[in-house]
Each structure stands twice: as structure tokens, then as C-alpha cells.
Amino acid sequence: MTSPDQPTPDPVSNGGAESVGAGGAGVDTVDPAELLAGGPILELLNGFIAELREAGLPVSLTENLDAMEAIRHIPLEDREAFKYALAATLVKNNAHWRAFETVFEVYFSLRGSKYAIDDDTLDADLSDLLDDDIERDGQGEGGGQSGQGGGQALTPEELQQLLYQAMMKGDEALMRAIARQAVKRFAGMEPGRPVGGTYYLYRTLRNLDLEGVMEKMMEASRQQAGEDGDPMTALEERLERDEFEHRIDALKKEIEAEIRRRLVADRGVEAMAKTLRKPLPEDVDFMHASREEMVGLRKALIPLTRRLAVRLARKRRHNRRGPLDFRRTVRASLSYGGVPAEPKFRHPRPHKPEIFVIADISGSVAAFARFTLMLVYAISGQFSKVRSFVFIDGIDEVTSYFEGVEDVTEAVHRVNTEADVVWVDGHSDYGHAFEVFHNKWGKEIGPKTTVIILGDARNNYHASQAWVIKEMQHRARHVYWLNPEPKSYWDTGDSIVSDYGNFCDGVYECRNLRQLEKFVETLT
Amino acid sequence: MTDYRFESVPEVREGLRKVDYLSDEGIAGIVYLADRLQKPILVEGPAGTGKTQLAKSVAEMIGARLIRLQCYEGLDEAKALYEWNYKKQLLRIQASGGEGDSWETVEDDLFSDEFLLERPLLEAIRADEPVVLLIDEVDRVEVETEALLLEILSDYQVSIPELGTITAKQIPLVFLTSNNTRELSEALKRRCLFLHVDYPDMDREKEIVLTKVPDITENLADQVARIVRSLRQLELKKAPSVSETLDWANTLMLLGVEQIDADTASDTANILLKYQSDIAKAVREFAADKQGFKQFAPGPK
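Let me begin by describing the structure that accompanies this report. (Residues numbered from 1 in each chain as written. Chains lettered and ligands numbered in written order. Predicted model: local features only at pLDDT ≥ 70, side-chain atom pairs only at ≥ 80, totals over all residues. Heavy atoms only, no water.)

1. What to know about the pairing of strand β4 (residues 449-454) of chain A
All names here are of chain A. To keep things clear, this is the line we draw: Relative accessible area decides the class of each residue, using a 1.4 Å probe on protein chains only: under 20% of the type maximum gives buried, over 50% gives exposed, and in between gives partly exposed. Only runs of H or I of at least four residues qualify as helices and only runs of E of at least two qualify as strands under DSSP, and these elements are numbered from the N terminus. DSSP-based pairing: two strands are paired if at least 2 bridges between them are found. A right-handed crossover is one whose linking path, passing over the helix from the first strand to the second, runs clockwise when the strands point away from the viewer.
β4 sits mainly inside the fold: 6 of its 6 residues count as buried. Here β4 shows two buried faces, one formed by Thr449, Val451 and Ile453 and the other by Thr450, Ile452 and Leu454. In this sheet, β4 lies alongside strand β1 (residues 354-360) in parallel orientation, the contact comprising 6 bridges. Looking at the pairing, Ile358 lines up with Ile453 of β4. Bridging between β4 and strand β5 (residues 478-483) involves 5 bridges; their strand directions are parallel. In the sheet register, Ile452 faces β5, and the bridge partner there is Tyr480. Regarding topology, helix α20 (residues 467-475) serves as the crossover connection from β4 to the parallel β5, and that connection is right-handed.

Right, dumping it as C-alpha cells:
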């Protein structure tokens, strides 16, 4: 962030200059040195590492030892350094960074003398800052309150006003103080109440009206620009908005951190770490991903496809040796006096498979189909041809949507909105969809074709028409079925996976990116 | 080995700044730790964020020679570690033909230092002066080849069957870079400190532009950094890297631009972005104000 020895662009430097890490929300918190003095740091670190393992990070024993060694070399009172030292030794995959950060926040931001849940200090903090602020700005309003524990005496309107000012200036210290004050006031946290952090977050944010603040700020900068003579262009406005959004995000993070801090104080570290535990991006279940997780998944998909493409291309080149290349062997034998000492082989030219993707895009499994289509098209260079069909109770070919389009996301979006997949009522009917497929396109499946069917096979008790799959199996090279449901749910209720599975070369459970990646790799 | 290269994290940071590399707390901290723990650093991150530059700058900072091993598919021991100079060995045998050297002496001679061709890894181990070893794009070698790095990374030694084990005279600072085109093996990762270099945040990027682009105004640098940050938030095939940001800033300077407006940005977007679809998206974004865009964006389905 800002470096200490450079003049910072932000106008206020009341502690605002102290560096806050990239995602760093936690502040004034522990001082690991204090922990070390008592010796419990080892114990804490062990708990910390155990929790990381619980969260799914592969931390080996050597890495554990490295971490212990590393923290001996850094000044422990520097929390940022402490964090990076642990991260460098324990986290070896960037996708795991968020999980690490959460666990770190829980374990190391919560104790120490400076950590004051106690409200007097909190108010004093705010009023101190407030005083500074007033002195700096030379504004008279609110000046009378400083004598009597200011923060508490602030009316909500004043707090709102203060928030607006802090955001406008990007004053980190003041924002932090406001975040704490806001949580204290609005979240309504009670000890022992079994409610998750999101609830408190929601309550706090509802009372702060950040949207309103945003609008006010935009209005103010527009006015400012107007006064300066030239009104803002669309681009400038957009940049300004980005900046403010950035600040609002920072404030939200502060609020989350404060809530977490209080929750930990209430419930203890282990319990809290457990509730905050989230699956790693590659383990997120397609069918139950939250919106935020979806965004994470999309981000994880891009590097994944790149990796996969490289790996598949490499595998193709190296996997097999071709037949003996007689001409080149004789040519090489000349340098050994005619003895064919070094046999040469033809480069293998393995065929690229042709892929037919047939995907159920009804509500419950839409997300899964979307991801698989994106993945398949992102690595379509590895296949000689990709054709895709989507169905609910009707079926439609959507290959053309992807042709000549660089942006797969957009194409997938079009698939979801434009494809003609509803026949009667828009409830999945695998049987009918397969039948239509057979009549229209069944003959185009050839011995080079690999058919991949995506869906949970929940057929709403319609006829299965499994003979279509049997027919496919005869014609095609392979038929695979990917089911996004956990294996234990298969063949329960209206799921008839096995009816179809009998005629497939493989039925795979495919609930997360990890499983999907593994499957795609077996394809070529 | 008790004398360390660096006293403290701020010292590293300051030193890097002097050679025009603007690090952040994390980067400087890990370089410092690598020296203290005598461990290699595995630097990972998107292309164009200064991974290779970091190694170069550290070398420059401590006045060490940089030895670079560029990895590629098919890299083997003979190219990375050492090789016997067999032509010279043949000559030696032929030369000894007439005189009655016993085979034992010839054999001893053949596998001596004289006939050994040093490759980067061995060179780094045997160097007398301080060196920084850069193993670039380590993700390009096959998993099996990675194994040849393991000995040198954990023990700073190389075993040559004919000569025995050669141990490092001084522990070099080692950087490995990876573009993450494949997952590196656990064994390799375990031996390294891990550093993820991401796109810098806005303030740092602005500083980088200010240092690297001569005569640029504060105002313009600020705008450049802001626009690039906005672009990175979009879903692009390839987000603009730091080096592309610098190219762009340079271009703007050459064009004599003082204030970036939507038209200038759109006209020069091809310097920041390398895919037609990305450019189209960016131009659309520059023109539309965000409010409007948001309203029409598809909501959750």
C-alpha cells in the first residue's frame, strides 16, 4: 500500500498511513509479541495450523516447522510481517489465500491489550478522532461534545454525516472508528445469541445506508467539477465511482472484521473458526453455490482452462510413440557406420475427439451445465469439433452460439435466454428430449464422437426412453454421464440415473471444479 | 553462515526502491525471510507483474551476479546441471594413445574438472562471489524434470557420480518463477517460500508509473492508474499487466496527452489489451457510464 516514507496522496495522515494489507481489514489488534512473552504462541500456532488443515489447505510438517522458524526472524509486533511470514511458509497456492486470511483474522486479530471490546475506549477513540478532525477542518459543528465521551453522544444523523466526510476524504482511521461504532450501535449483538455474522452485517449495513452515501458523494464531486468549470465526463464519473466503491468496500471489510472480532470474543476462537470455514473454490458445490461463490468459481475457471489446455496438449505430444520411421532410422544409422543404433519413430498423430455435449439446463442444474459448457468451449482447441445441445423438455442445438464468439460467457448467457428448450411445461423431461435428439441428430453420431450428457436425471416420472442412450452407445466412441448430485442421492425420488447409466461408458459424480477437471482430463 | 544480507524488512524495501523496484510489504518481507531462512522463493502470479524483474532487482541491489536458467519443455540434466565435454575427452584419449599412460591415469583424468561443462545450476553452486540464481518459468518443465531441482533447492548441493557431491561455497538467493500453467509438485513447493505477486493496488501502480515513465505528470499517472484499476475489475480474457500499463503511459506521453478522455482511452486501448473482444468490451465501458451499465446487466438468474 502506501509506503511510510513517501508522502501519501491522502490528505489525512492521522494513523491512516500505517499500512493495511491488501485485503487487510483487521487493525489494532494483537500484538503477537505479547503472546510470545507468555509462551502460548506455539500453542496458538498449532491450533492455527490445525484449523488450516481443517479448511482443506495441505500443510505439511516441514511447512509447519518453517513457519515456526520464520516467525523467529521477524519483529512480532509487526502484524503485517507476521502475516506474510506465515503465508509464505504455509500457503502455496493463491486460491487458498482467502481461506488463510479468514483463519488468520480469527486467530490473530482478536487478542492483545489494544483489542478493546470495551466500549469506553471505543467512544474515546472516535471522539479523539473527531476532535482531530474538527481541528483540522476548522469546522465548529459537534465541537461541544468532546468533553463527554463524544461517540456515544452522537446522534445517528451526525454519525451519518461523519461517515460521509470520512468516505469523501478516504480517511482510513476515521472509517475504522466509524465501523466499530456502527457495529456497536446497529448490529444489536448479544452474547450467546446463536446468529451468524451475516445477520449482524446485514443489520449494520441497513442502518448505514451506504447507497445513499454513495449517491451523495457522487453528487458532491459532480458539483465540485461543475464549480471548477468543466463538468465531469462519463469516464471521469466512472473512475470517481470506482474510487468510492473501493472505499465503501474497505468500510464493509472493517465492519465485517469488527463483527468477527466481537463474535470471537463471545464464542471463542475454535467455534468461530468452524463457523467461518468455507470450502475452497475448487470444492464449492455447483448446485448450492452462493452468488459470491459463483464469482469465485468463474475466476477459478479461467486459470483452470489454461492449465488444462497446456496439460492436454502436452499429453498428446508425449504420451505415445508412433510406429518406426524407417526412412529416418536409416538416415540416422549413417553416423554409426550403417548400424541402426538409434531407431527413430514417427510422431504420433492421435486423433482429436469429437465432442457432443447434451446438457440439461433446467433450474436445478443450470449452473453446472453453464460451467461445463464454458470449460469445454474454453479448451475446444483440444477437440476436433464440439457440438452442444441443451434441453429441458424440448431440445435445441446451440453450437452456432459459440461459433466465432470470443467471449464464452456471453455465449452461455445467450444459451440460457434464447435456446428453444421448452416443449410443454418447462419441467425436465429427459425421455422426450432424448427422443427428439435421436430423430433429429442421432445419425450424426459417429465412431469418433464422444457424447457427454450433463444432468441429474430427475425425470419428473416421465418415460425414460433409455434405448436412445443404448443406440448412442452403439454408434459413438464413448458415452459419459456427468451428474452434479452427490452419489448418495442417485436413484432416489424421480432420479433415474442408473436406467441411463447402464448404457454409458461411465457415470461420474461431478459436483465441483476438482471433479470436473479430473473428468475432462480423461477425455483425450 | 551467520552473516545475513539484510538487517530488516524496511532495509530490503528501501534497497529495492533504490534500484527502481517498488515492492510492497509482502514482497520485501519474503525476500528478507528467504535470506534469513536460506530458502528459495517461488514467485507466482499473472504475466507481466514483475516476477523476473524482482530477481534482477534483488541481484542489482546486493551487487550479485545473476545466473539465469530459462526453463522449457525438454530441459534436461545436461542443460541445467552439468555435462561432460566428451569431444575433449575423446581428444584426451587419442592424445595419450602413443605414450604409455596407464588406463587408470587416463580415466582419472577424463572425469576431472577440466572436462566438466558447467550449466547454470552448477555454476551458481560453485560461484565464489555472491550470486542470485533465477530459475525462470519453472512450470514449463515436466513434473519429472522438477526432481532435478530438488537437491539443489533444499541442500544447495549437486551430486555428480564421478566427482562426488559439490556443496555450495556460499548460499545463493534463489528465485523460481511460475506462470501457473500447471500445478507444481508438492515436493518443490514444500522447499520454497511462496510469494504471489498480483497486480499492484492503485497507489503502488501510480508510483511505479511515476518512477518508470520519465516526465509524466502526477495527474496523468493518477488517471492512468485509475483507469487500469477499472479495467482489471472487468471480466477480461487478459487483464492489463504492469508492463502494459507502462507502455500505455509512455504512449500517452508521446502523444502529448495531458488529460485522458474517453476517446483517447478508446483509441489507445489496443496497447493495454491484446484481445479484440477485450478491447471492444473496454471501449464500451469507457463510453457508457457505469450506472446505466449496471441497470442493464443481467441479474442473478
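2. Considerations on the sheet that holds β4(A)
Residues and elements named next belong to chain A. Going by this rule: Inter-axis angles, ranging from 0 to 180 degrees, are taken between N-to-C directions of lines fitted to C-alpha atoms, where helices are fitted over the stretch in contact. Contacts: residue pairs with any heavy atoms within 4.5 Å of one another.
Spatial ordering of the open sheet is given by β3-β2-β1-β4-β5-β6, a layout of 6 strands whose pairing is mixed. The open sheet has two edge strands, β3 (395-397) and β6 (506-509), and neither has a second partner. The average angle at which neighbouring strand axes cross in this sheet is 20 degrees, direction not considered. Packed on one face of the sheet, helix α16 (residues 366-378) meets β1, β2 (385-391), β4 and β5 and runs near 170 degrees to β2.

3. Description of the packing of helix α5 (residues 97-108) of chain A against helix α13 (residues 269-276) of chain A
Residues and elements named next belong to chain A. Counted only if it meets this: Should an angle fall under 35 degrees it is called roughly parallel, over 145 degrees roughly antiparallel, and 65 to 115 degrees roughly perpendicular, with every other angle called oblique. Handedness of a crossing is defined here by the sense of rotation of the near helix relative to the far one, left-handed for an anticlockwise turn of less than a right angle and right-handed for a clockwise turn.
In contact at an axis separation of 10 Å, α5 and α13 are set at 160 degrees when each is read in the N-to-C sense. Classed by the angle they form, the pair α5 and α13 counts as roughly antiparallel. At the point where α5 passes α13, the crossing takes the right-handed sense. Contacts from Thr102, Val106 and Tyr107 of α5 reach α13 at Val269, Glu270, Met272, Ala273 and Leu276.

4. Quick word on the state of the cysteines
The condition is simple: Any two cysteine sulfur atoms within 2.5 Å of one another count as a disulfide.
Taken as a whole, this structure holds 0 disulfides over all chains when the rule is applied. Unpaired in this structure, A:Cys504 has its nearest cysteine sulfur neighbour in A:Cys510, at a distance of 14 Å. Here B:Cys192 is not disulfide-linked; the sulfur of B:Cys71 is the nearest cysteine sulfur, at 12 Å.

5. Describing the interface of chain A and chain B
Our working rule: Here the quantity called buried area is the accessible surface, traced with a 1.4 Å probe, that two parts lose on coming together, added over both. Put simply, a salt bridge is a Lys or Arg side-chain nitrogen that is within 4 Å of an Asp or Glu carboxyl oxygen. N or O atoms within 3.5 Å of each other form a polar contact, as long as, within protein, one can give a hydrogen and the other can take it, and as long as residues adjacent in sequence are counted only when both atoms are side-chain atoms.
At the interface, 54 residues of chain A touch 62 residues of chain B. For the pair chain A and chain B, the two sides together bury roughly 5100 Å², of which 49% comes from carbon and sulfur. Seen at the junction of chain A and chain B, the total is 3 salt bridges. One salt bridge in this structure joins B:Lys39 and A:Asp66, with 3.0 Å as the shortest N-O distance. At the boundary of chain A and chain B, one finds 9 residue pairs in polar contact (both at pLDDT 80 or more).

6. Quick notes on the sheet that holds strand β1 (residues 41-44) of chain B
Residues and elements named next belong to chain B. Taken in spatial order, the 5 strands of this open sheet run β2-β5-β8-β1-β9, and their pairing is parallel. Strands with a single pairing partner mark the edges of an open sheet, and in this sheet they are β2 (65-70) and β9 (193-196). Strand-to-strand twist across the sheet, computed as the mean angle between neighbouring axes with direction ignored, equals 20 degrees. Summarising the sheet, β1 and β9 pair through 4 bridges and their orientation is parallel. Among the inter-strand pairings, Glu44 is bridged to a residue of β9, identified as His196.

7. Some points on the nonpolar core
Rule in force here: What is meant by a nonpolar core is a set of buried Ala, Val, Leu, Ile, Met, Phe, Trp, Tyr and Cys residues, joined one to another through side-chain atoms within 4.5 Å.
Counting 93 residues, the largest nonpolar core has A:Phe48, A:Leu86, B:Leu54 and B:Phe175 as the members making the most contacts within it. With 8 residues, the single largest contributor to this core is helix α2 (residues 25-37) of chain B. What A:Phe48 contacts, discounting residues up to four positions off in sequence, is A:Leu86, A:Leu90, A:Phe100, A:Val103, A:Phe104, A:Tyr107 and A:Phe108. Counting 45 residues, the second-largest nonpolar core is a separate cluster that includes A:Ile355, A:Ile361, A:Phe371 and A:Leu523.

8. Some words on helix α11 (residues 210-227) of chain A
Residue and element names in this part refer to chain A. Selection criterion: A helix is expected to reach a length of 1.5 Å times the quantity of its residues less one. Throughout, the arc means that of the directions going from the helix axis to the C-beta atoms.
The first and last C-alpha atoms of α11 sit 25 Å apart over 18 residues, in line with the 26 Å expected at 1.5 Å per residue. For α11, the set of buried residues is Leu210, Val213, Met214, Met217, Met218, Ala220, Ser221 and Ala225. Projected down its long axis, α11 carries its buried residues within an arc of 160 degrees, all on one side. In α11, the exposed positions that point more than 90 degrees away from the buried face belong to Glu211, Gln223 and Glu227. Summarising the contacts, the buried residues of α11 are in contact with α8 (156-169), α10 (197-208) and α12 (234-267).

9. Comments concerning the pairing of β1(A)
Residues and elements named next belong to chain A. Summarising burial for β1: 7 of the 7 residues are buried, a large majority. Where burial is concerned, the two faces of β1 agree: the one with Glu354, Phe356, Ile358 and Asp360 and the one with Ile355, Val357 and Ala359 are both buried. Where β1 and β2 come together, 7 bridges link them in parallel fashion. If you follow Asp360 over to β2, its bridge partner there is Phe391.

10. As for unusual backbone geometry
We note that A:Asp491 has phi near 60 degrees; this positive angle belongs to a residue other than glycine. Mapped onto the secondary structure, A:Asp491 falls in the loop between β5 and α21 (497-501). A positive phi angle, near 65 degrees, is found at B:Asp20, a position not held by glycine.

11. With respect to the pattern of salt bridges
A full pass over the atoms with the stated rule returns 31 salt bridges over all chains. For the salt bridge of B:Glu137 with B:Arg140, the shortest nitrogen-to-oxygen distance reads 2.3 Å. Classification of B:Arg140 by relative accessible area gives partly exposed; the value is 41%. Connected via shared salt-bridge partners are A:Glu240, B:Lys206, B:Glu218, B:Asp222 and B:Arg226.

12. Concerning the environment of A:Glu418
As for its placement among the helices and strands, A:Glu418 is situated in helix α18 (residues 408-418). For the pair formed by A:Glu418 and A:Tyr401, sequence separation is 17 residues and the distance between their alpha carbons is 9.7 Å.

13. What about the packing of aromatic side chains?
All names here are of chain A. In plain terms, the rule: Within 6.5 Å between ring centres, the rings of Phe, Tyr and Trp (the latter by its six-membered ring) count as paired, and their orientation is classed by plane angle as stacked under 30 degrees, edge-to-face over 60, tilted in between.
Applying the stated criterion across every chain, the model contains 24 aromatic pairs over all chains. Their ring planes at 45 degrees and their centres at 5.8 Å tell us that Phe437 and Trp441 sit as a pair that is tilted. Placement of both Phe437 and Trp441 in helix α19 (residues 430-441) is noted, with a separation of 4 residues, approximately one turn of the helix. For Phe437, a relative accessible area of 0% gives the class buried. You can call Trp441 buried: its relative accessible area is 10%. One aromatic cluster is present, formed by Phe48, Phe82, Tyr84, Trp97, Phe100, Phe104 and Tyr107 through successive ring pairs.

So, to be careful, I would describe these as geometric facts and stop short of saying anything about function.
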